[in-house]
Amino acid sequence: MSDIAVTLKINGRDRALHVPAGETLLETLRDRLGLTGAKRGCNQGVCGACTVLIEGQPVRGCLSLSANCDGSAVTTIEGLAKGQALAPIQKAFAEAGAVQCGFCSSGMMLAATALIVEHPRATVDEIRAGLAGNLCRCSGYRKIVDAVLSVIAGEAR
Amino acid sequence: MSEAAVAVGLSLPKLETVEKVTGRAQYIADLSRPGMLHGAILQSPYPHARILRYDTSAALALPGVHAVVTGDDFGEHRMGAFVKDETAIAKGKVRYVGEPVAAVAAEDEATARRACQLIDVEYEELPAILSVEEALAPDAAIIHEDLAGYFKVFPAISKGNSLSYTEIKEGDIERGWRESELVFENIFETPAQAHLAIEPCGALAETDAQGRVTLWSANQSVFRVQANVCESLGLPMSKLRCVTPRIGGGFGNKMEAHVQPIVVKLAMVTGRPVKMILTREEDFQMVRVRHPAKIRIKTGVKRDGTLVVRECELHLDGGAFGDDSPGVLGYALLMSRGPYRIPHTRCHGHVVYTNKLRSGAFRGFGNPQVSFGAETQLDEIAEALGMDPIELRLKNLMQPGDHWLGGQRVDSNGLADCIAAVREASSWDRRKALPAPPESKRRGFGIAVAAHISGLLGTGAIVRLLEDGSVVLNTGAVDIGQGSDTVLTQICAEALKIPIEQVSTASPDTDGSPYNWGTTASRVTYTTGRAVLAASRDVERQIKEQAADIFECSTADLELRPGGRVGIKGVQAKELPFLVVSARAHWRKGGPIVGSNTLVYETPTIDPKRAVALGLPFQQIGVYSFAALVTEVEIDEATGQTEVKRVWTAVDVGKAINPRLVEGQIEGGVVQGLGFALVEEVVWDGARLANPTLMDYKIPGTMDVPYELHSIIVEHAQEDGPFGAKGVGEISLVPVPAAIANAIHDAAGVRLRRLPMNAERVLRAWLAKEGGPKEKSLAH
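Note that the structure is predicted; figures quoted are calculated from it, not measured.

Rules behind the numbers
Residues numbered from 1 in each chain as written. Chains lettered and ligands numbered in written order. Predicted model: local features only at pLDDT ≥ 70, side-chain atom pairs only at ≥ 80, totals over all residues. Helix = DSSP H or I, 4+ residues; strand = E, 2+ residues; numbered from the N terminus. Buried ≥ 20, exposed ≤ 12 C-beta atoms within 10 Å, placed from the backbone. Contact = placed C-beta atoms within 7 Å. Rg over C-alpha atoms; globule rule 2.2 N^0.38 Å. Domains from an automatic or database assignment. Nonpolar A, V, L, I, M, F, W, Y, C, P; charged D, E, K, R; others polar. Pairing = 2+ DSSP bridges. Axes fitted to C-alpha atoms, helices over the stretch in contact; angles between N-to-C directions. Parallel < 35°, antiparallel > 145°, perpendicular 65-115°, else oblique. Left-handed = near helix turned anticlockwise from the far one by under 90°. Expected span 1.5 Å × (residues − 1).

### Some words on the overall build of chain B
Next up, step 1: Looking only at helices and strands, chain B has 18 helices and 29 strands in total.
Next up, step 2: The dimensions of chain B, computed from C-alpha atoms along their principal axes, are 85 × 75 × 55 Å.
Next up, step 3: By residue count, 61% of the 780 residues in chain B fall in the buried class.
Next up, step 4: The contacts in chain B between residues at least 6 apart in sequence include a share of 80% that link residues at least 24 apart.

### Quick notes on the overall build of chain A
Next up, step 1: Along chain A, the regular secondary structure elements total five helices and five strands.
Next up, step 2: For 157 residues, the compact-globule estimate of 2.2 N^0.38 gives 15 Å, and chain A sits close to it at 16 Å.
Next up, step 3: For chain A, the spread of C-alpha atoms along the three principal axes comes to 50 × 30 × 25 Å.
Next up, step 4: Long-range contacts, defined here as pairs at least 24 residues apart, represent 58% of the contacts in chain A between residues at least 6 apart.

### A closer look at the domain arrangement of chain A
All names here are of chain A.
Next up, step 1: Examined at the domain level, chain A breaks down into domain 1 (4-77) and domain 2 (88-156).
Next up, step 2: On a C-alpha basis, the centres of domain 1 and domain 2 stand 21 Å from each other.
Next up, step 3: Per-class residue counts for the side of domain 1 that touches domain 2 are eight nonpolar, seven polar and one charged.

### Thoughts on the sheet that holds strand β1 (residues 4-10) of chain A
Residue and element names in this part refer to chain A.
Next up, step 1: Pairing is mixed across the open sheet formed by five strands, whose spatial order is β2-β1-β5-β3-β4. Either end of the sheet is taken by a strand with one partner, and the two such strands are β2 (13-19) and β4 (57-60). Strand after strand, the sheet turns through a mean of 40° between neighbouring axes, direction not considered.
Next up, step 2: Relative to β2, β1 runs antiparallel, the two being bridged by seven bridges. Note that in β2 the partner of Lys-9 across the bridge is Asp-14.

### As for the sheet that holds strand β21 (residues 565-568) of chain B
Residue and element names in this part refer to chain B.
Next up, step 1: One open sheet accounts for three strands, arranged β20-β21-β22; its pairing is antiparallel. Two strands close off the open sheet at either side, each with one partner strand: β20 (558-561) and β22 (575-577). Direction aside, the axes of adjacent strands within the sheet are offset by 25° on average.
Next up, step 2: Two elements, β20 and β21, share four bridges in a ladder whose sense is antiparallel. Along β21, the bridge assignment pairs Leu-558 with Ile-568.
Next up, step 3: Sheet strands touched by helix α15 (residues 578-587): β21 and β22. Its angle to β22, the strand with the most contacts, is close to 70°.

### Some thoughts on the interface of chain A and chain B
When the parts come together, some accessible area is lost, and that loss is often what is quoted as the size of the interface.
Next up, step 1: Counting residues at the interface gives 43 residues for chain A and 42 residues for chain B.
Next up, step 2: Elements with a contribution of two residues or more to the side of chain A that touches chain B: α2 (88-96), α3 (105-118), α4 (124-130) and α5 (142-156) of chain A.
Next up, step 3: In terms of residue class, the side of chain A that touches chain B is made up of 22 nonpolar, 14 polar and seven charged.

### Details of the packing of helix α13 (residues 484-496) of chain B against helix α14 (residues 524-551) of chain B
Residue and element names in this part refer to chain B.
Next up, step 1: Here α13 crosses α14 at 30°, and the two axes come no closer than 9 Å. Relative to α14, α13 is oriented roughly parallel. α13 and α14 meet at a crossing whose hand is right-handed. Within the contact between the two elements, α13 uses Ser-484, Val-487, Leu-488, Ile-491, Cys-492, Ala-495 and Leu-496 and α14 uses Val-524, Thr-525, Thr-528, Gly-529, Val-532, Leu-533, Ser-536, Arg-537, Val-539 and Glu-540.
Next up, step 2: Each residue belonging to the contact of α13 with α14 can be placed in one class, and the counts come to 10 nonpolar, five polar and two charged.

### Remarks on the domain arrangement of chain B
Residue and element names in this part refer to chain B.
Next up, step 1: On domain assignment, one finds that chain B holds domain 1 (17-24 + 457-600), domain 2 (31-126 + 198-249 + 254-286) and domain 3 (293-455 + 606-775).
Next up, step 2: Here the C-alpha centre of domain 2 lies 38 Å away from the C-alpha centre of domain 1.
Next up, step 3: Per-class residue counts for the side of domain 1 that touches domain 2 are five nonpolar, eight polar and two charged.

### As for the environment of Val-101 of chain B
Residues and elements named next belong to chain B.
Next up, step 1: Within the fold, Val-101 resides in strand β5 (residues 100-106).
Next up, step 2: Taking the C-alpha atoms as reference points, Val-101 and Ser-44, 57 residues apart in sequence, are found 6.0 Å from one another.
Next up, step 3: For Val-101, the residues in contact, after removing those within four places along its chain, are Leu-42, Gln-43, Ser-44, Thr-70, Ile-89, Ala-90, Val-94 and Val-121.

### Remarks on the packing of helix α16 (residues 659-678) of chain B against helix α17 (residues 736-748) of chain B
The description of two helices packed together rests on the angle between their axes and the distance between the axes.
All names here are of chain B.
Next up, step 1: Relative to each other, α16 and α17 sit at 55°, their axes nearing to 8 Å. Relative to α17, the element α16 lies oblique. Crossing of α16 against α17: the hand is right-handed. On α17, the residues touching Val-670, Gly-673, Leu-674, Phe-676, Ala-677 and Leu-678 of α16 are Val-736, Pro-737 and Ile-740.
Next up, step 2: Its residues placed into classes, the contact of α16 with α17 shows eight nonpolar, one polar and no charged.

### Looking at helix α6 (residues 222-233) of chain B
Residues and elements named next belong to chain B.
Next up, step 1: Taking 1.5 Å as the rise per residue, α6 with 12 residues should run 16 Å; its terminal C-alpha atoms sit 16 Å apart, in good agreement.
Next up, step 2: Counting buried residues along α6, 12 of its 12 residues qualify, which places the element largely inside the surrounding structure.
Next up, step 3: Three or more residues of α6 are buried, namely Val-222, Phe-223, Arg-224, Val-225, Gln-226, Ala-227, Asn-228, Val-229, Cys-230, Glu-231, Ser-232 and Leu-233.
Next up, step 4: Downstream of α6 by a residue or two, Gly-234 has a phi angle that is positive, lying close to 70°.

Dropping the structure here:
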């Protein structure tokens, strides 16, 4: 099976790659590009730890084939901050105590980023629904919801 | 303290937060070494079988394969926290489906996995023991024929397939039954629960030119990793250095060994770094679970609600290897009387080998199982006596200065305040006046309380004052995400009155860190915190000795001042920065300032004048935290589905060193308990796991958890705790299943005595009950 040439715009930078047809976006990011912020929790599309944004939409890195992403803009956790300046969602997670072990945090923050774009005034229940695809085993979710609420409150002002 | 705190009591962000929110935190799967190979495991297809022969030739012939190891490559070495019964890889026999039988190191993971499938193993099947009843049957096949000869760290009472029998007696149980006016007896059952840290287990090992091994792994204790690997491979402990990356959650599953011994073996055989990360399925199949339990509880009471006598009989399914099982059994029995004055008690039980995945430590360590039974039964007693469940508990509550089962005196006890706090916050006394629930829903309120220890075994701390006056703290305690690095740093900073930024905390390393048994038993804040405080005081003493020498005064005249200075009391101008003191110590006189402390928790659990204990594996367990929890649920009349609407939990933690992190522990524990109560169950289909994937094993997500999850911190100082602190890691999970069961009863009038209380079980119980919803309501 010959590799497929793809160009992915990852965190704003074009990356020309040759990937096997069966390679997942998660494998490309982690193993080929060293972007290890996306995590493999279940490799089955359930836990959400591998969530990245493709054209702003949250997707499962473990269920997306890189070959299908040719020409797409991919945002990973490594692309959220501007240099040393954290994105609002990152600041909010840090300040709310929404991060414990941190293994779900990358996916959770990216899912939250997309949620806030789509629902800039999301309520508690909309936030819960929007993050239902991302599992956390440490936090109990309350502080994660609070972190998203604080971003919304900040941006609504 | 008259001065404002510089660190303790403040909700400071965790030290590694920025690293984690930017994706830069490195977990085991993120690590790589030059020339690294990848490992994979072949698992047993049988629950119980003799291994007759291996043929590894085809696997070895596969291009890219560097090594294949089987039981033949391992010596007769065994590991185990309490009973040394487990080899690094199956040797001679397999004892559960999924047990590692052979392992491969290859150029890449796909090749290693392909090679595993080329290994031919010939087995002779043996009868499989899949339940406690089968294991204890007189003619049962024996899972560990050599049990009598295994090394045990305590005088275990073992026989046949019973790994350990424990019994604790206090008072006179026969007199208790005679004095009781009513007796309640029930059997409760709880299932295996999977820890499901979102990070699967894995390890990376590398040998150096002298043959010494460095091992990174997902773990809760670098020292337990070191002990397990060295015991199971027959290595001197000094030949293995264990370090830790960031840990993606650990709830007991990463405390004892998983694949570390096999990965070290592969690295030693190949001379190359080897990494192995388990898939989610493998992690489910070969790590460990919470013990499935059968709990018989019999309680005698007076008609006025006075508890007189309690008997608890516990059967735990330990699975194929001992792991932490004897400890879980002993601890569960110690918790089975609960935080109540019950003068006559007998509790006893077995933990039994079966041909299933091993059971081990899991947040709560046996306490959630027995507390589910005991706290549910108390509700039944209250109902039978026509008492409010809170009033029944208050009537019988242990008071400060009372003794725990076994005889240990407990002075720090804020349970009454915890109960008062949740009673008030939940408007418990006005709960019947709430507006009616939505149509087709029934509402209920439930309460349960809990106590749990923090303590156990050895720990230490080293605090070094560097030449410039900044400080490095080294404890060997692995932060598994709960925030112990931050909390211990806060304790050190507070003791030395310096900003937290001036203290750096070293990553655990068996070469350089003082011993730390592990991040388990809710113990790091309390035990390691004590060592940190004492080591910091040691540094303070040495700083003062230097300053006294310089100022030509007595050390008693000196004080530490905020910001890293030492000065003469009452003389503002007479002070020195730590830099001056430390530089002098390094270059002129006294020697570099290093403070250290080690300790072991040593208050006896059993007072032989008060109690008799047989086969108890712990002599000194710890100090007590307390909790009370009220929950409001709504049950759907059509489906039996329970929705937890609101939760109020109050926990007496002694002193919250970092209140936000304490809340994080409370909230996370409640939600893990909610999963245990309502949905989680590892299911065996015969000998094989039926649901070893996240598709089939559900844990709570955002929609299953109420936003109204209220944490209340109660602070009854623990006298010898650091700044009064005691543990919080496990306790909040403990009361959840019983509180929900009691709320379900309040809503629907049915008692569920088996977890999980999923929709099907609630509905079946409800339909079977007179006055419950009728079958026809399901017709649409």
